[in-house]
Amino acid sequence: QVQLVESGGGLVQAGGSLRLSCAASGRTFSGYRLGWFRQAPGKEREFVAAIGWSTDTTFYADSVKGRFTISKDNAKNTVYLQMNSLKPEDTAVYSCAAKRLNIKTYDYWGQGTQVTVSS
């Protein structure tokens, strides 16, 4: 069974940095894309960043380009989200997700980790 477990969230001041981790298990992820999403209170979930497991191709939301970096360690089956220059509007629950490349929707989701940026 696929499991995605996030860690690394917390409270940080504006301008600070955090690194989120997503430990993936339960299958090989060749042919998958792993992504990060976030949901702030009262708002819809939004895409943040994604990376192809085999291709290393990366994708970013415009709101985080130049500040966030997604990466992975295939040996550890872990995806990271390095978040720099954090802003209060980045406050949200961040979730890791995985999907097969040939379908539109993400199949698997983690439980999420809270990121709070104080002003």
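Reference entry: report on the structure contained in this document. (Residues numbered from 1 in each chain as written. Predicted model: local features only at pLDDT ≥ 70, side-chain atom pairs only at ≥ 80, totals over all residues. Heavy atoms only, no water.)

1. A few points about the state of the cysteines
How we decide: The rule for a disulfide is simple: a pair of cysteine sulfur atoms within 2.5 Å. Helical segments are the DSSP runs of H or I of at least four residues, strand segments are the runs of E of at least two, and each set is numbered from the N terminus. For the exposure calls, accessible area comes from a 1.4 Å probe over protein chains only, and a residue counts as buried if that area is under 20% of its type's maximum, exposed if over 50%, partly exposed in between.
The tally for this structure, following the rule as stated, stands at 1 disulfide. In this model Cys-22 forms its disulfide with Cys-96; the gap between the sulfur atoms is 2.1 Å. Taking the sign of the S-S torsion, -75° for the link of Cys-22 and Cys-96, the bridge is left-handed. Highlighted residues: Cys-22 in strand β3 (residues 18–25) and Cys-96 in strand β9 (residues 92–100), separated in sequence by 74 residues. A residue is classified by how much of its surface remains accessible, and Cys-22, at 0% relative accessible area, is buried.

2. Topic: the sheet that holds strand β7 (residues 68–73)
We apply this condition: What makes two strands pair is DSSP finding at least two bridges between them. Angular values range over 0 to 180 degrees, each being the angle between N-to-C directions of two axes fitted as lines to C-alpha atoms, with helices fitted over their stretch in contact.
If you walk across this open sheet you meet the 4 strands as β1-β3-β8-β7, and the pairing is antiparallel. Only two strands of the sheet have a single partner each, and these edge strands are β1 (3–7) and β7. If you compare each strand with its neighbour and ignore which way they point, the axes differ by 15° on average. Pairing of β7 with strand β8 (residues 78–83), which is carried by 6 bridges, proceeds in the antiparallel orientation. Bridged to Phe-68 within β8 is Met-83.

3. A closer look at the pattern of salt bridges
Operational definition: Throughout this description, the term salt bridge denotes a Lys or Arg side-chain nitrogen within 4 Å of a carboxyl oxygen of Asp or Glu.
In this structure the tally under the stated criterion is 6 salt bridges. A salt bridge links Asp-90 to Arg-38; the shortest N-O distance between them is 2.9 Å. With Asp-90 in the loop between β8 and β9 and Arg-38 in strand β4 (residues 32–39), this pair connects stretches of sequence that are 52 residues apart. Across the pair, Arg-38 and Asp-90 agree in class, each one buried. Residue Asp-107 is joined to Arg-100 by a salt bridge in which the shortest nitrogen-to-oxygen separation is 3.1 Å. Residue Asp-107 is classed as partly exposed on the basis of its relative accessible area of 28%.

4. Side note on the side chain of Ser-95
Condition: Here, two residues are considered to be in contact whenever any of their heavy atoms come within 4.5 Å of each other.
Tracing the backbone through its elements, the reader meets Ser-95 in strand β9. Other than its neighbours up to four places away in sequence, Ser-95 contacts Glu-6, Gly-35, Trp-36, Phe-37, Trp-109, Gly-110, Gln-111 and Gly-112.

5. Re the pairing of β8
Burial of β8 is extensive: 5 of the 6 residues sit out of reach of the surface. Pairing of β3 with β8 involves 6 bridges; the strand directions are antiparallel. Paired with Leu-18 across the strands is Met-83, a residue of β8. Between the antiparallel neighbours β7 and β8 lie 4 residues, among them Asn-77 with a positive phi of about 50°.

None of the figures reported here should be taken as evidence of function without further support.
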